[in-house]
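Read off the chains here:
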Amino acid sequence: MTDASQLKTDIEADIAAAQTLDALEAIRVAAIGKKGSVSALMKTLGKMSPEERQVEGPKLNALKRDITDAVAARKSALEEAALEAQLAAEQVDVTLPVQTQDFGTIHPVSQVMDELSEIFADMGFAVAEGPEIEDEFHNFDALNIPAHHPARAMHDTFYFPEKEDGSRMLLRTHTSPVQIRTMLSQEPPIRIIAPGKTYRSDSDATHTPMFHQVEGLVIEEGIHMGHLKGCLEAFVKAFFQLDSIDMRFRASFFPFTEPSAEVDIRCSFEGGTLTIGEGEDWLEIGGCGMVHPRVMTACNLDPERYQGFAFGCGIDRLAMLKYGMTDLRPFFDGDQRWLKHYGFSPLAVPTLAGGLS
Ligand code: PHE
């Protein structure tokens, strides 16, 4: 039937020429849609004699099937071409160098915090946090610093206005309240460090009203000062990347530890440069001691069963020592030139395996 075969030729030519999915769909509808040309031909079957229909029916069905197949084939070809074009357009050259300067730099304090977390994680410590706005219980009382204790004035605390019940919130003067929060919320064994911001009313070249500390706390059965010393020694070696260091524990006093000590490391200032690990001078890096039984009791822990040690170090000072800054104040000036000079690449995340800095 010439009518049908001509139609087939025409439609297949249109299909092959269709350049978009929309154009293809229009061709499909015009051919085999309800009002399409092929459908119109199919309708003529009804008027045919049964003999004629027996001949023409299968032909028309074959025509419809062929067109359906041709549309489907063209559709997948167009879709594939569209995908290829998209992939080509969105191609990223992963070998291009990364432009790190757009991200800014990592502040030395953040860098040291990341280094500390990495070093202590390797020794099985988790990182704990607490609020910077504290209450007197966590910052003082539970740490065995009762009201009117001279240590309370010593800390030059920033207080908030008194509440109706007479209590006052405050800006935490040290990270030690995180010890209390951790002991009250976790069962031993406890091994945490808590880096964070701390506040005291103090300001000169080596003191800023806001500064950073890292607290360490270990509570387990059978913990003694040897563990404390070994832990701090491992930390200092890893932090300063030295094979050996010389440490000294100087007897000291903190209400929340007994015995208490201040930790010094051997250093030299010869020629105006600081060298850690050798020389005739000593540099204090923090305070430490065995957790006081009263602190344990305040946290509902049995001091007969558990022992623990705690330490606190100034992070800004650690950063100054390691990276050679002499003045603390520019740490918090937000000066782009300083940040550019002393900052770290955001992509160079410190790891023990890959290097801390
Ligand atoms: N919290 C003490 C301070 O700020 C440091 C410290 C922490 C001392 C833990 C002993 C144990 O000075």
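My aim in this report is to walk through the structure given alongside it, one point at a time. Here the structure is a predicted model, which is why all the values come from computation and not from measurement.

1. Here we look at the pairing of strand E4 (residues 190-199)
Thinking step 1. When you tally the buried positions in E4, you get 8 out of 10 residues, the bulk of the element.
Thinking step 2. Bridging between strand E1 (residues 126-127) and E4 involves 2 bridges; their strand directions are parallel. Among the inter-strand pairings, Ala 126 is bridged to a residue of E4, identified as Ile 192.
Thinking step 3. Where E4 meets strand E5 (residues 210-220), 10 bridges bridge the pair, whose relative direction is antiparallel. Bridge pairing in E5 links Ile 192 to Leu 217.

2. Brief notes about a negative patch on the surface
Thinking step 1. A grouping of Glu 270, Glu 278, Glu 280 and Asp 281 is seen on the molecular surface, where their side chains present a negatively charged patch.
Thinking step 2. Mapped onto the fold, Glu 278 is located in the loop between strand E8 (275-276) and strand E9 (281-291).

3. Some details on the site of the ligand
Thinking step 1. In the region of the ligand, 14 residues are neighbours, and His 174, Ser 176, Arg 200, Gln 213 and Glu 215 sit closest.
Thinking step 2. A distance of 3.0 Å separates a nitrogen atom of the ligand from a polar side-chain atom of His 174.
Thinking step 3. Within the contact set of the ligand, a nitrogen atom lies 2.9 Å away from a side-chain nitrogen or oxygen of Ser 176.
Thinking step 4. Starting from 320 Å² of accessible surface for the ligand in isolation, the protein chains cover 92%.
Thinking step 5. The pocket occupied by the ligand, as judged from atoms lying within 2 Å of grid points, is the largest pocket.
Thinking step 6. Mapped by element, the contributors of at least two residues to the shell around the ligand are E5, E9 and strand E10 (307-314).
Thinking step 7. Its residues placed into classes, the shell around the ligand shows 5 nonpolar, 7 polar and 2 charged.

The rules we used
- Residues numbered from 1 in each chain as written.
- Predicted model: local features only at pLDDT ≥ 70, side-chain atom pairs only at ≥ 80, totals over all residues.
- Heavy atoms only, no water.
- Buried < 20%, exposed > 50% of the residue type's maximum accessible area, 1.4 Å probe, protein only.
- Helix = DSSP H or I, 4+ residues; strand = E, 2+ residues; numbered from the N terminus.
- Pairing = 2+ DSSP bridges.
- Patch = residues over 30% accessible without salt bridge, like charges linked within 9 Å, V, L, I, M, F, W, Y side chains within 5 Å.
- Areas by Shrake-Rupley, 256 points an atom, 1.4 Å probe, with all protein chains shown as cover.
- Salt bridge = Lys/Arg side-chain N within 4 Å of Asp/Glu carboxyl O.
- Lys, Arg positive; Asp, Glu negative; His and termini not counted.
- Charge placed at Lys NZ, Arg CZ, Asp CG, Glu CD.
- Near = heavy atom within 4 Å.
- Polar contact = N/O pair within 3.5 Å; in protein donor to acceptor, adjacent residues only side chain to side chain.
- 1 Å grid on protein atoms, 1.4 Å probe; cavity = no way out; pocket = protein on both sides within 12 Å on 5 of 7 lines; lining within 4 Å.
- Sits in = over half its atoms within 2 Å of the grid points.
- Nonpolar A, V, L, I, M, F, W, Y, C, P; charged D, E, K, R; others polar.

Everything listed here is a matter of coordinates, which is why it stays silent on function.
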